[in-house]
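Architecture and fold: a report
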Amino acid sequence: MEGRFTNSLLWLLLSAVVAGSWASHAHPHSARKHHLHEGNAVAASVSSVPLYNAAVPGLLMPVVGIGTGGYAFKASEAGEIWNDTTAEKAVRQWIQLGGRRIDASFSYTDQVGVGKAIAAAIAAGEVTREELFVVSKVGSGGLINGSALGYNDTMVQMPPILSSLQLTYVDLLLIHWPGPPGDSKDPACQGHPDTFRACRQQSWKAMLELFKQGKAKAVGVSNFEQVHLEDLIAMNATLPAINQVEYHPYWHEDDLVKFCQSMNITFNGYSPMSCPDYAVPTHHWQHSALEEPVVLKIATAHGADPSQVLLAWELAHGVVVNPRTRDPAHMKLNLAFEKVKLSQAEIGEIAAIAPPKDNKVCPDPHQYK
């Protein structure tokens, strides 16, 4: 589709395609297509969705971005953790192909490379800062290069995040995990071995302050289950704009998606392909959702790549996505996945896929009380 959606009716039609997840929030100019060019030819066009709660009014988020995180706990392990050089090259190619959303984090150890790519693309006139949607994260102490939770510990992470990205603000800032607090100096994060509730609440207060200061156009959370979100609801403060959680056919918490949508919290799925390069030693992936027979069958029926079928399935549930890749061919597929329109029967078939024994890419957030 071309042009931009300029009235509520067209936006409602788009919402129907994505299972009505955003339809209840529809209003004029609330979504649009932006056109992506490769040379003189249109390579793809990507929809954007409006963000609510702790977000600047009218802020739009592209439904697909590029992930830059790694999938191993130490660089010496199997899997792949990007360095600055890898991230710089991948993000620059993503921008050149028309990608506009970039999902980064200080804990990924490659955010300096992300910042170099953004700066180079802007300097070369390939994109303006305003056209990009840049995401970063604070915490958590359990990750490589992770930082602590708590009010002050959250506040002090913002300057190095912006410095590494060579930006004066990010479009979206997330609390990376609901725990653990790391080496936090915040009293709310100490002496409570059974719960990190107060620590999360102090961290969220800091996030809202950073939002108020204009350091982020929106703030949200990542890997928060309903119980963690309820900690924030109990504060009677502004709620997150986003909850970024693992989501794919092997792990889809549909009740959590519905809960977030009921709170106007946009659900952002990571590892949408079930992450076949994940290889922490205790896990042994035999195959990925990309190889599931039902996914291959549906891909053939639509003349699409299996990756596009998975992304379309996630968007059909109202889930925006950020697949990670450093392959330009895969980037092009990701930018063009919206052409795949799944039937309700096909959506149900994918949802019914039996997951393998080790069906989780990242640790289970339920462990953090």
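For the structure itself, look to the data block above.
Residues numbered from 1 in each chain as written. Predicted model: local features only at pLDDT ≥ 70, side-chain atom pairs only at ≥ 80, totals over all residues. Heavy atoms only, no water.

1. A word on the overall build of the chain
From N to C terminus, the chain includes twelve helices and eleven strands. Long-range contacts, defined here as pairs at least 24 residues apart, represent 73% of the contacts in the chain between residues at least 6 apart. Put simply, the chain shows about 14800 Å² of open surface, and 55% of that area lies on carbon and sulfur atoms. (Helix = DSSP H or I, 4+ residues; strand = E, 2+ residues; numbered from the N terminus. Contact = heavy atoms within 4.5 Å. Areas by Shrake-Rupley, 256 points an atom, 1.4 Å probe, with all protein chains shown as cover.)

2. Brief notes about the packing of aromatic side chains
A complete count under the given rule lists four aromatic pairs for this structure. Between Tyr-247 and Phe-267, the aromatic rings sit 5.8 Å apart at their centres with planes inclined by 70°, giving edge-to-face as the arrangement. Taken as a pair, Tyr-247 in the loop between strand 9 (242-246) and helix 8 (254-262) and Phe-267 in strand 10 (residues 266-270) lie far apart in primary sequence, 20 residues in all. Across the pair, Phe-267 and Tyr-247 agree in class, each one buried. Among the aromatic side chains, those forming a connected cluster through ring pairs are Trp-177, Phe-196 and Tyr-368. Sitting above the plane of the Tyr-169 ring, Arg-129 keeps its charged end 4.1 Å from the centroid. (Phe/Tyr/Trp six-rings, centres within 6.5 Å; stacked < 30°, edge-to-face > 60°. Buried < 20%, exposed > 50% of the residue type's maximum accessible area, 1.4 Å probe, protein only. Lys NZ or Arg CZ within 6 Å of the ring centre and 35° of its normal.)

3. A word on the state of the cysteines
Enumeration over the complete set of coordinates arrives at one disulfide. With its sulfur 2.0 Å from that of its partner, Cys-189 forms a disulfide with Cys-199. Here the disulfide of Cys-189 and Cys-199 is right-handed, its torsion about the S-S bond being about 85°. Here Cys-189, found in the loop between strand 7 (172-175) and helix 6 (197-212), pairs with Cys-199, found in helix 6; they are ten residues apart in sequence, far enough to count as distant. (Disulfide = S-S within 2.5 Å.)

4. Here's the deal with the sheet that holds strand 10
The strand order 4-5-6-7-8-9-10-11 describes an open sheet built from eight strands, whose pairing is parallel. Where the open sheet ends on each side, the last strands, each with one partner, are strand 4 (65-67) and strand 11 (319-321). Between one strand and the next, the sheet's axes are offset by a mean angle of 25°, whatever the strand orientation. By the bridge criterion, three bridges tie strand 7 to strand 8 (residues 219-222) in an arrangement that is parallel. Bridged to Ile-175 within strand 8 is Val-221. This element, helix 2 (residues 84-96), spans strand 4 and strand 5 (101-103) of the sheet and lies at about 160° to strand 5. (Pairing = 2+ DSSP bridges. Axes fitted to C-alpha atoms, helices over the stretch in contact; angles between N-to-C directions.)

5. Focus: helix 8
Among the residues of helix 8, those classed as buried are Leu-256, Val-257, Phe-259, Cys-260 and Gln-261. Where helix 8 is buried, its residues meet helix 7 (226-233), strand 9, strand 10 and strand 11.

6. Some details on helix 7
Looking only at helix 7, the buried set comprises His-228, Leu-229, Asp-231 and Leu-232. Projected onto a plane normal to the axis of helix 7, the buried residues spread over an arc of 145° and lie on a single side. Considering only its buried residues, helix 7 is in contact with helix 6, strand 8, strand 9 and helix 8. (Arc of directions from axis to C-beta.)

7. Description of the nonpolar core
In this structure, Leu-51, Ile-102, Leu-173, Trp-204 and Leu-342 are the most contacted members of the largest nonpolar core, which totals 97 residues. Per-element tally for this core: the top contributor is helix 10 (residues 306-316), with seven residues. (Core = buried A, V, L, I, M, F, W, Y, C linked by side-chain atoms within 4.5 Å.)

8. Concerning the environment of Glu-230
Within the secondary structure, Glu-230 sits in helix 7. Owing to a relative accessible area of 37%, Glu-230 belongs among the partly exposed residues under this scheme. Spatially, the C-alpha atoms of Glu-230 and Arg-197 are 9.6 Å apart, while their sequence positions differ by 33 residues.

9. Brief notes about the pairing of strand 9
Within strand 9, five of the five residues are buried, which leaves the element mostly enclosed by the surrounding structure. Here strand 8 pairs with strand 9 via two bridges, running parallel. Across the sheet, Ser-222 pairs through a bridge with Gln-244, a residue of strand 9. Read from strand 8 through helix 7 to strand 9, the crossover connection turns out right-handed. One ladder, built from five bridges, connects strand 9 with strand 10; its direction is parallel. The partner of Asn-243 across the bridge, within strand 10, is Phe-267. Running through helix 8, the crossover from strand 9 to the neighbouring parallel element strand 10 is right-handed. (Right-handed = clockwise from strand over helix to strand, strands pointing away.)

10. Details of the environment of Ser-147
For Ser-147, the location among the structural elements is in the loop between strand 6 (133-138) and helix 4 (151-155). Linking Ser-147 and Phe-106, residues 41 residues apart in sequence, is a C-alpha distance of 8.5 Å.

By themselves, these observations are geometric and do not establish any function.
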